[in-house]
Amino acid sequence: MQVAIVKYNAGNSTSVAHALRRLGIEPVLTDDADTLRNADKIIFPGQGEAASAMRYLRQRGLDTLLAGLTQPFLGICLGLQLMCTHTEEGDTPCLNLVPVQVRRFPPGDKVPHMGWNTLDSVSGPLFEGIPAGTYFYFVHSYYAERNAAHTTAQCTYQVPFSAALHRDNFHAVQFHPEKSSEAGERLLHNFLRL
Amino acid sequence: MLTKRIIPCLDIRDGRTVKGVNFVNIRDAGDPVELAAQYAQQGADELVFLDITATVEGRETFVELVARIAAVLNIPFTVGGGISTVEQVSRLLQAGADKVSINSAAVKNPQLIDDIAANFGSQALVVAIDTRTLPDGKAHVHTHGGRTATALETVAWAQECARRGAGEILLTSMDADGTQNGFALDITRQVADAVPIPVIASGGGGTAEHFARVFAQGRADAGLAASIFHFGTLPVPALKAQLRETYQIPVR
């Protein structure tokens, strides 16, 4: 199986690549259009700032390329936020692969939301064998709003938000499965079986 | 619910753990990779590796070690010790560390905090602060392993670190460190209340009650310790069970 990790300026690919290797997959890190189109699975990690990441993707035409992909696609952390319609971070229009808005956590509790939190609810094939109440590792200052049609997992930190989103072949998780112990490994395993 | 994090810290010299570790199933107590995996399995929430090597060769060994740890560890880990440039940070993050921790270098050159946050994001930056109460009655920042007092007051410095882009504060009380008599609750609470970012309490943790108090009264988001985990005095699973059952503290 060919698993491609999208190479761009905000991809923290090392941990994801290690997690895939622990599952017996040697991923390829690439921004090449043909390699991405021909891969069996796409992983779109992300860490950093949304506006500069979107600018980078647009300048290289990766925005339209990613939107046109049809194989199973998994966005992680900032990857999830970039797949939404718009983020308050830098007032940035995003890829609009899932019709959801990304907002800044309200001041009050500590931001970023950092550490292990439980999922309130889960659904869909990505969460097979992963019950509600399972802990995942989160680090983020912005969150995707909930959407009745597209939210497949919910988490709560100050406000309830989308811990996972899904539309067609596009899947996304706000937490870091590559850093979430056995539960994260199970989720990646589930994704690789889609 | 977001849980309080329990973080074992391992001191590394020339790629090996400095203190012996009392794990039952360990083949090589000096191998940080094996220990890291064992801690992850025990339910540690994160790990910190502190490089106390003084030599250039030792530093190279540490980068190689970070890469080997990243290959096996499925929980987040922070590395620190002697980091003073953006280039060093870049190498350690590329090797697979999730976060770096800086300490004396940030005091000497606060711009380093801005530069690391701008290049890699605040989530990758922990600023470690060693604090001790001076005869003036105020908590002051100390550098060089806590040996050198500075004029900086701890709370004000923590606020400046947060303003410049630190993602977390690792606060070690030199008054409490090594005593196992409990964390320094007052200064932890003052810092935690003063900054909008998470605070990891360190120094003095000896019992589950100490952790419970630093979470409840000290308002820390995480607790870090070394010896009690290494020597098996209070293993991570036992600590978490007590926190959960006796003190109703949410832990994973």
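With 33 residues of chain B at the interface, the matching set in chain A holds 24 residues. At the boundary of chain B with chain A, total buried surface from both sides reaches about 2,200 Å², with 51% on carbon and sulfur atoms. Counting across the interface, chain B meets chain A through 2 salt bridges. A salt bridge links Asp 98 of chain B to Lys 179 of chain A; its shortest N-O distance comes to 3.0 Å.

A few words on unusual backbone geometry. In this model, Val 111 of chain A is joined to Pro 112 of chain A through a cis peptide bond whose omega is 10°. The backbone of His 144 of chain B shows a phi angle near 55°, a positive value even though the residue is not glycine. Here His 144 of chain B lies in the loop between strand S7 (139-143) and strand S8 (148-153). Positioned with a positive phi, Gln 180 of chain B is a non-glycine residue whose angle comes to about 55°.

All names here are of chain A. Overall, mixed pairing links the 8 strands, which are arranged S2-S1-S3-S4-S14-S13-S12-S9 in an open sheet. The sheet is open, and its two edges are formed by strand S2 (28-30) and strand S9 (121-122), each paired on a single side. For strand S12 (residues 151-157) and strand S13 (residues 159-167), the ladder comprises 6 bridges, and the chain directions are antiparallel. Paired with Tyr 157 across the strands is Val 159, a residue of S13. Set on the sheet, helix H1 (residues 13-22) makes contact with strand S1 (3-6), S2, strand S3 (41-44) and strand S4 (73-76); between it and S1 the angle comes to about 165°. Sheet strands touched by helix H6 (residues 181-192): S1, S3, S4 and strand S14 (170-173). Its angle to S3, the strand with the most contacts, is close to 140°.

Attention shifts here to the side chain of Thr 87 of chain A. All names here are of chain A. Residue position: Thr 87 is located in strand S5 (residues 86-87). When its relative accessible area of 0% is taken as the criterion, Thr 87 is described as buried. Within the structure, the side chain of Thr 87 is placed 3.0 Å from the backbone nitrogen of Glu 89, a separation counted as a polar contact. Setting aside anything within four residues of it in sequence, one finds Thr 87 in contact with Ala 50, Thr 92, Cys 94, Val 102 and Tyr 142.

Moving on to the pattern of salt bridges. Within this structure, the stated rule accounts for 24 salt bridges over all chains. Residues Lys 110 of chain A and Asp 221 of chain B are paired through a salt bridge, measuring 3.8 Å at the closest nitrogen-oxygen approach. Of the two residues, Lys 110 of chain A sits in the loop between strand S7 (101-104) and strand S8 (113-118) while Asp 221 of chain B sits in the loop between helix H8 (208-216) and strand S11 (222-225), which places them in two different chains. The closest approach of N and O atoms between Lys 99 of chain B and Glu 46 of chain B, which form a salt bridge, is 3.0 Å.

Residues and elements named next belong to chain B. Along the polypeptide, Ile 102 turns up in strand S5 (residues 99-102). Exposure remark for Ile 102: the relative accessible area of 0% places this residue in the buried category. Separated by 26 residues in sequence, Ile 102 and Ala 128 place their C-alpha atoms 5.8 Å apart.

Turning our eyes to something else, we now look at helix H10 (residues 236-245) of chain B. Residues and elements named next belong to chain B. Three or more residues of H10 are buried, namely Val 236, Leu 239, Lys 240 and Leu 243. Down the axis, H10 shows its buried residues gathered within 95° of arc, on one side only. On its buried face, H10 sits against strand S1 (5-13), helix H1 (32-42), H8 and helix H9 (227-230).

Moving on, we come to the nonpolar core. Phe 49, Phe 77, Val 127, Ile 169 and Phe 211 of chain B are the most contacted members of the largest nonpolar core, which has 78 residues in total. The leading source of residues in this core is helix H2 (residues 56-72) of chain B, at 6 residues. Ignoring any residue separated from it by four or fewer positions in sequence, one finds Phe 77 of chain B in contact with Lys 179 of chain A together with Leu 47, Phe 49, Val 66, Ile 69, Ala 70, Gly 96, Ala 97, Asp 98 and Lys 99 of chain B. By size, the runner-up hydrophobic cluster in this structure holds 34 residues, among which are Ala 4, Ala 10, Leu 66 and Leu 78 of chain A.

Summarising the element assignment, Glu 178 of chain A is placed in the loop between S14 and H6. When the C-alpha positions of Glu 178 of chain A and Leu 78 of chain A are compared, they lie 14 Å apart, and in sequence the two are 100 residues distant. Excluding residues within four positions of it along the chain, Glu 178 of chain A makes contact with Asn 12, Ser 15, Val 16, Ala 19, Arg 22, Ile 76 and Leu 188 of chain A together with Asn 74 of chain B. Within the structure, the side chain of Glu 178 of chain A is placed 2.8 Å from the side chain of His 176 of chain A, a separation counted as a polar contact.

Calculation rules
Residues numbered from 1 in each chain as written. Chains lettered and ligands numbered in written order. Predicted model: local features only at pLDDT ≥ 70, side-chain atom pairs only at ≥ 80, totals over all residues. Heavy atoms only, no water. Contact = heavy atoms within 4.5 Å. Buried area = accessible area lost by both parts, 1.4 Å probe. Salt bridge = Lys/Arg side-chain N within 4 Å of Asp/Glu carboxyl O. Helix = DSSP H or I, 4+ residues; strand = E, 2+ residues; numbered from the N terminus. Pairing = 2+ DSSP bridges. Axes fitted to C-alpha atoms, helices over the stretch in contact; angles between N-to-C directions. Buried < 20%, exposed > 50% of the residue type's maximum accessible area, 1.4 Å probe, protein only. Polar contact = N/O pair within 3.5 Å; in protein donor to acceptor, adjacent residues only side chain to side chain. Arc of directions from axis to C-beta. Core = buried A, V, L, I, M, F, W, Y, C linked by side-chain atoms within 4.5 Å.

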